[in-house]
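Residues per chain are reported as follows:
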Amino acid sequence: MKIVHSWLLDLCPGLPDDTEAIAEALSDLGLAVESVDRVGASVAGVVTAKVLRTERHPNAAKVHRVYVDAGDGVERHVWCGAFNMSAGDVVPLATAGTAMPDGRLIEPKPILGIPSQGMLCSARELGLGDDHSGILLLPHDIALGVPYGEALGLREELVYDLDVLRNRPDAYGHLGVARDLAARFGVPFDYSPPAVEATGAPMTATVELVDGDRCPRFTSVVISGVRVAHSPDWMASRLSAAGMRPINNVVDVSNYVMLECNRPNHAYDYETLGGHGFRVRLAAEGETLVTLDGAERTLTADDLLICDGNDRPIGLGGVMGGQNTEISDDTTTVALETAWFEPLGIMRTAVRSGLRSEASARFERGMDPHGIGAGIARFVELLRITSPDLVVHEGAVDARSEHFPGATTITVRPGRVGAMLGTPFTAEQITALIEPIGFSCAPDGGNVAVTVPSWRPDCTLEIDIVEEVARHYGYAKLGKTVPKSSLPGGLSPVQQRRRRLREVLLGLGISEAMPHPFLSDGDLARAGLAADAVRLVNPLVVGDDVLRTSLRPGLLKAVAYNESYRTPNAAMFEIGHVYPPSDDVLPAEYEALGVVLAGREAPAAVDLWREIAAAMGWGARLDQGTVPAGLHPGRGATLSLGRDAIGVVGEVHPDVLDAYEVTERVAVLELNLSVLLATEPKVPQWKPTSRFPSSDFDLAFVLPDSVIAEKVDKAIRQGAGSALVDLALFDVYRGKGVPEGSRSLAYRLRVQAADRTFTDADLSAIREKVVAAVAKLGGQLRG
Amino acid sequence: MIDEILAARDGALARLAAVTNLADADAVTADLLGKKGPFAAFKTRLGSLATVDEKKAAGQAVNEATSAVEAAAAARRSEMQRAERATQLAAERLDLTEVMSRPTRGHAHVVTQAWQRLEDVFIGLGFQIAEGPEVETDWHNFEALNMPPQHPARSMHDTFYVDHGAPGSTVLRTHTSPVQIRVMQTIEPPIYMVMPGRVFRNETTDATHLAVFHQIEGLVIDRGITLADLAGTIEKFTQAFFGVDFTSRLRPSFFPFTEPSAEFDIRTPSGDWLELGGCGMVHPNVLRAGGLDPEEWSGFAFGFGIDRMAKERHGVADVREMYANDLRFVTQF
């Protein structure tokens, strides 16, 4: 919201003429000042010029040639990328050598070898608001060759750009901002435009409220003797500074009243207003209306129409007027509409139609349903400046439906205010703080009965008044205390385990990635995973609508990305959520760990799993009988805990690697952390270490491939019994000397007794038992 | 005989002096002092001497000579040992900048690093950590936070809707605030919790905005909690996280789930104010949604972005870089 400094001082002359002090007070009152800008100062070198003709160049599609006269009768040529002007229009011309506000220097830069003798400017390029949709079109009847600011009667204005939040609908007008500031600076504030005297013969624009729930109040007044003209310079300057383009005195006064009183209103040409009346009703489904911006809008049965007395649509209620009753240069009698619309309905229409007008933005936040009279009075007062002969007619209408809101009164307990703010406040202090901003306070036992001003519909509860008290007392004065928790701070056991897991992974040389949790259509299928997934209704990028069910696709993309930048052997992990579908209230979201080791084969993943499992105190069954989807059929296993699969380990299927354009082999480990981190790990229990010498011996067995090494391992442990203190598989051999379909597995055993030194006889006995145990599996001791 | 002994002693000392390495030293020593050495021989000859006095004198001479040779041998041995160790050490000299292995440690994501730093500071201030789902019900994300259907403030959240359950019933959480509700519903006050997590906004990404990013949110609910407690907690956090020469302030603002609401800014030692996040007293409607009586309990909440902490700490120009998973980026931190 743009608030003009001179305007504030006009409304409240007691305010300091000091932008720094005002800006600070505004921020402190919750009206955050994004910037204080100096606008409207003419850019030296930019003059008014008349468009003579325009011409396309056969080799230039995005620009055309515009010939202008800057008042000296000399035809100048400029290239222009905007097409919104035609012969006769008056436009601002930045002549060669002009330094633009954004720092650009206008040079006769040729296009297609033809130089440009300057540049035509948009409003934004001149610092006159945000409009950059085309070249700024100036009134046709102004002098040529003069600085455009002079031609427009612009003065330099200081403007506060305020970030006005939802809870301050009143601050969408200068009036509301001035009231807040007056209270803060403790200066008197009174806003009362001279009362309207209806001196004209009765002349009425009738009002019929068909759907009064959507429009609880609608007033009309007829004003004749209007002469359409330019607005005075000061008014045009302020409107420009506030970001609105001056058009003519009637439209400008309408806008001025909106920006000042926060009171959107609409002036219709009374002569073209069919049936000299208004009818407010919901549109029929599919009904159309051409709005002031020239667009034809197809409406729904939830859009509110302003129709004329003959039921012809003339405006989209609270959003935008229709083109058919626009004020023209010949208008002499206007019917002024000032209404109050139900906010949520306006919001729905604005959202649906994409039409966020100055009016709809205000109505949807909640305007003051009262105080319409002051707005009309101000309209008349201002229009009389340029139309001294105007007459206000008797017969004004103030139609209200039963939905017109009443006043809100809230009981405020001073003790409650103190309990919330940490500083005690008496009823008198509360009254003194909020009465200046329009809250009327009456004693109510020990409490305060606070009647909310009609321009603050956001205040409905006691806590809202607490905020107003705090705001005007000053947040900074409320002090800073630190509450002390009676509980110890810290990580939960799950969080501690997660940190430990991360440290273990980092220590193993694996770095952390954070791929996007959304996948593209087909990413899961390309990874060989089930395509069944939850989808987004409104993805940011069309097609990126799949909520991942596995961390693998994201990590594979990361591997491919790193390969493409010549970083092979990427070792990456992610700890993140996945969201498989479910029939419950929410998807079956859980936290997962995914690890990819590019350039490594399946055993690296198994080794990693063992390392992690040992560090975390986890155990799981490795089941190669069930090959997980997307993994190499001979190099993948499911990790199971009881009956539940809690992870996969192995190597990514070569088809998947091809689909992800990964050229290295990729070892992969995925774990369900929601299950694993929640498991209480076994605390390792002390086993006494023997003080007696240990003995090592090596055994190699030939076994068919069908006997998995895990079974051999188990058999050796059983055979050796408690004497075994260490067992390591140190060689696997297939080839000459070993039958086809078998391999030799070589183990080193370390045995030790707790209470003595093993004799040779002891060692032979253990060895024999081990050999016998492995023989049961079909294993033969290798020579 | 005494002369012989003295001569043998001098000869032995000369031989020891002539050795040049440890092995020689040991061999010569064994030769001289062993059973077949000259001094052993003198001792056997002692019995053949005529008089007691002669025996006594010669015996003393042999013992003295033996001791002298033993001492010399030990000295020579240790001298040789030192020399050999010195030679070994000189030979083993390495250029310690001649290192061929590459560093192998893994690197935590910058956002994780910021996340954990923040958690640790809050733990120090007596907070615990709470977590919640990223796919949320509309009720938890909006309605329980004082944003009923059609509430205008909902339009400030560019929400990703999830095709799950009834249309519009499921969203990707737009903030970490739904965790507040889950905490209130499951934990009896007092509550001193922070809630870090991933959040989602359906807005176009650029150098400072992401559609998927991270927030940390704090929630304190206890008896007699005030706005001054909020200001004090923010101040304490500011100094613990940024440094003791930083200060903070609250400015009135608006959020549907807090009342009074505030923005909080921090002031750098150079005097600049930076906007950090939003905060306020938990709205009575939110306390009720969480199953708490606002007349009995009061509290405050605050929240801000984690990604920005990482971005600014490390001077990352474009926040999207942090999520490209490029190891050339990841391994810088």
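Keep in mind that what you see is a predicted model, and the values were worked out from it rather than measured.

Enquirer: How should the pairing of strand 22 (residues 440-444) of chain A be read in this particular structure?
Expert: Within a regular strand, the side chains alternate between the two sheet faces. All names here are of chain A. Two elements, strand 22 and strand 23 (residues 447-451), share 5 bridges in a ladder whose sense is antiparallel. Looking across to strand 23, one finds that Ser440 is bridged to Thr451. Counting the residues between successive antiparallel strands, the hairpin from strand 22 to strand 23 contains 2 residues, one of them, Gly445, with a positive phi of roughly 65°.

Enquirer: What am I meant to see in the environment of Ser220 of chain A here?
Expert: All names here are of chain A. Along the chain, Ser220 falls in strand 10 (residues 217-224). On the basis of relative accessible area, Ser220 is assigned to the buried category, the value being 1%. Separated by 46 residues in the primary sequence, Ser220 and His266 place their C-alpha atoms 9.7 Å from one another.

Enquirer: Just checking my understanding: could you explain helix 12 (residues 462-473) of chain A for this structure?
Expert: Quick reminder: α-helices carry 3.6 residues per turn. Residues three or four places apart thus point the same way. Residue and element names in this part refer to chain A. End to end, helix 12 covers 16 Å across 12 residues, agreeing with the expected 16 Å (1.5 Å per residue, within 8%). Burial within helix 12 is extensive, with 11 of its 12 residues counted as buried. Taken together, the buried positions of helix 12 are occupied by Glu462, Ile463, Asp464, Ile465, Val466, Glu467, Glu468, Val469, Ala470, Arg471 and His472. Phi turns positive, to about 110°, at Gly474, one or two residues after helix 12.

Enquirer: Quick question: what am I supposed to make of the sheet that holds strand 6 (residues 90-94) of chain A here?
Expert: Strand pairing within a sheet occurs via backbone hydrogen bonds; the two strands may be parallel or antiparallel. All names here are of chain A. The antiparallel open sheet is built from 5 strands, whose spatial order is 5-4-3-6-7. Every other strand in the sheet has two partners, leaving strand 5 (75-80) and strand 7 (119-120) as the edge strands with one partner each. The pairing of strand 6 with strand 7 spans 2 bridges and is antiparallel. When the bridges of strand 7 are listed, Ala94 appears paired with Met119.

Enquirer: Sorry if this is basic, but what is going on with unusual backbone geometry here?
Expert: Most of the time, phi is negative for any residue but glycine, and the peptide bond is trans. Residue and element names in this part refer to chain B. The omega angle of the peptide bond from Pro189 to Pro190 is 5°, so this bond is cis rather than trans. Looking at the secondary structure, you find Pro190 in the loop between helix 7 (178-186) and strand 5 (191-200). Across the junction of Glu259 and Pro260, the peptide omega takes the value -10°, indicating a cis bond. Within the secondary structure layout, Pro260 lies in strand 8 (residues 258-267). One non-glycine residue, Asn325, lies in the positive phi region at around 55°. Structurally, Asn325 is set in the loop between helix 10 (307-314) and helix 11 (327-330). For Asn325, a relative accessible area of 5% corresponds to the buried category.

Enquirer: What should I look at first to understand the pattern of salt bridges in this one?
Expert: In a structure, side chains of opposite charge can pair up when their charged atoms sit close to one another. Residues and elements named next belong to chain A. Overall, the coordinates contain 72 salt bridges over all chains when judged by the stated rule. Residue Arg214 pairs with Asp302 through a salt bridge whose shortest N-O separation is 3.0 Å. You can see Arg214 sitting in the loop between strand 9 (206-209) and strand 10 and its partner Asp302 sitting in the loop between strand 14 (296-298) and strand 15 (304-308), a full 88 residues away along the chain. Since its relative accessible area comes to 22%, Asp302 is described here as partly exposed. Each of Arg168, Asp170, Asp180, Arg456, Asp458, Glu468 and Arg471 takes part in one network of salt bridges that share partners.

Enquirer: So what exactly am I meant to see when it comes to the interface of chain B and chain A here?
Expert: How big an interface is tends to be reported as the loss of accessible area on association of its parts. Across the contact, 84 residues belong to chain B and 81 residues belong to chain A. In this assembly, chain B packs against chain A so that about 6,800 Å² is buried in total across both faces, 58% of it on carbon and sulfur atoms. A salt bridge links Arg499 of chain A to Asp120 of chain B; the shortest N-O distance between them is 2.9 Å. There are 36 residue pairs in polar contact (both at pLDDT 80 or more) connecting chain B and chain A. For the side of chain B that touches chain A, the leading source of residues is helix 8 (residues 227-242) of chain B, giving 8 residues. The residue makeup of the side of chain B that touches chain A, split by class, is 37 nonpolar, 29 polar and 18 charged. Where strand 26 (residues 535-536) of chain A meets strand 3 (residues 162-163) of chain B, 2 bridges bridge the pair, whose relative direction is antiparallel. Within strand 3 of chain B, the residue paired with Arg535 of chain A across the bridge is Asp163 of chain B.

Enquirer: What is the right way to read the packing of helix 1 (residues 2-18) of chain B against helix 3 (residues 38-45) of chain B from this model?
Expert: Packed helices, taken two at a time, are described by the angle between their axes plus the distance between the axes. Residues and elements named next belong to chain B. Remark: helix 1 packs on helix 3, axes separated minimally by 10 Å, with the N-to-C direction vectors making an angle of 165°. One way to sum up the angle between helix 1 and helix 3 is to call them roughly antiparallel. Handedness of the crossing formed by helix 1 with helix 3: left-handed. Here helix 1 contributes Glu4, Ile5, Ala8, Arg9 and Ala12 to the contact with helix 3, which in turn contributes Phe39, Phe42 and Arg45.

Enquirer: For this particular structure, what's the right way to read the sheet that holds strand 9 (residues 273-282) of chain B?
Expert: Residue and element names in this part refer to chain B. With respect to topology, 7 strands assemble into an open sheet ordered 1-5-6-10-9-8-7, the strand pairing being mixed. In the strand order of this sheet, the two ends are held by strand 1 (128-129) and strand 7 (247-255), each with one partner. Sheet topology note: the strand 9/strand 10 (residues 298-305) ladder contains 5 bridges and is antiparallel. Looking at the pairing, Gly278 lines up with Gly303 of strand 10.

Enquirer: It is not clear to me how the packing of aromatic side chains should be interpreted in this structure. Could you clarify?
Expert: Here a ring pair, both rings aromatic, is described through the centre-centre distance and the interplanar angle of the planes. All names here are of chain B. Per the stated rule, a full pass over the model turns up 24 aromatic pairs over all chains. For the pair Phe264 and Phe304, a centre-to-centre distance of 6.0 Å together with 85° between the ring planes defines the contact as edge-to-face. Here the residue Phe264 occupies a position in strand 8, and Phe304 occupies one in strand 10, the gap between them amounting to 40 residues. Here Phe264 falls in the buried class, since its relative accessible area comes to 0%. What makes Phe304 buried here is its relative accessible area of 3%. An aromatic cluster is defined as three or more aromatic residues linked by ring pairs; in this entry it consists of Phe122, Phe127, Tyr192, Phe237, Phe241, Phe242, Phe246, Phe264, Phe300, Phe302 and Phe304.

Enquirer: Even after reading the chapter, I still don't get the domain arrangement of chain B, so can you show me in this structure?
Expert: Looking at chain B, the domain boundaries give domain 1 (2-92) and domain 2 (110-330). A separation of 87 Å is found between the C-alpha centroids of domain 1 of chain B and domain 2 of chain B.

Enquirer: Is there a simple way to think about a negative patch on the surface in this case?
Expert: Residues and elements named next belong to chain A. Residues Asp17, Asp18, Glu20 and Glu24 make up a contiguous surface patch of negative charge. Relative to the elements of secondary structure, Glu24 occurs in helix 2 (residues 19-28). A residue is classified by how much of its surface remains accessible, and Glu24, at 61% relative accessible area, is exposed.

Enquirer: Where do I start with the state of the cysteines in this structure?
Expert: A covalent bond bridging the sulfur atoms of two cysteines is what the word disulfide describes. For the coordinates displayed, the defined rule picks out 0 disulfides over all chains. Cys80 of chain A carries a free sulfur, and the closest cysteine sulfur to it, the one in Cys121 of chain A, is 9.3 Å from it. Cys279 of chain B takes part in no disulfide bond, and the closest cysteine sulfur, belonging to Cys459 of chain A, lies 19 Å away. Taking the relative accessible area as the measure of exposure, Cys279 of chain B reaches 1% and is therefore buried.

Enquirer: So what exactly am I meant to see when it comes to helix 20 (residues 760-775) of chain A here?
Expert: All names here are of chain A. With 16 residues, helix 20 should cover 22 Å at 1.5 Å per step; its first-to-last C-alpha distance of 22 Å lies within 8% of that length. The set of residues buried in helix 20 consists of Asp762, Leu763, Ile766, Val770, Ala773 and Val774. Around the axis of helix 20, the buried residues are gathered within 100° of arc, so they sit on the same side. For helix 20, the exposed residues lying more than 90 degrees away from the buried face are Asp760, Ala761 and Glu768. Those residues of helix 20 hidden inside the fold are in contact with strand 34 (695-704), helix 19 (709-720) and strand 36 (742-751).

Conventions adopted
Residues numbered from 1 in each chain as written. Chains lettered and ligands numbered in written order. Predicted model: local features only at pLDDT ≥ 70, side-chain atom pairs only at ≥ 80, totals over all residues. Heavy atoms only, no water. Pairing = 2+ DSSP bridges. Helix = DSSP H or I, 4+ residues; strand = E, 2+ residues; numbered from the N terminus. Buried < 20%, exposed > 50% of the residue type's maximum accessible area, 1.4 Å probe, protein only. Expected span 1.5 Å × (residues − 1). Salt bridge = Lys/Arg side-chain N within 4 Å of Asp/Glu carboxyl O. Contact = heavy atoms within 4.5 Å. Buried area = accessible area lost by both parts, 1.4 Å probe. Polar contact = N/O pair within 3.5 Å; in protein donor to acceptor, adjacent residues only side chain to side chain. Nonpolar A, V, L, I, M, F, W, Y, C, P; charged D, E, K, R; others polar. Axes fitted to C-alpha atoms, helices over the stretch in contact; angles between N-to-C directions. Parallel < 35°, antiparallel > 145°, perpendicular 65-115°, else oblique. Left-handed = near helix turned anticlockwise from the far one by under 90°. Phe/Tyr/Trp six-rings, centres within 6.5 Å; stacked < 30°, edge-to-face > 60°. Domains from an automatic or database assignment. Patch = residues over 30% accessible without salt bridge, like charges linked within 9 Å, V, L, I, M, F, W, Y side chains within 5 Å. Areas by Shrake-Rupley, 256 points an atom, 1.4 Å probe, with all protein chains shown as cover. Lys, Arg positive; Asp, Glu negative; His and termini not counted. Charge placed at Lys NZ, Arg CZ, Asp CG, Glu CD. Disulfide = S-S within 2.5 Å. Arc of directions from axis to C-beta.

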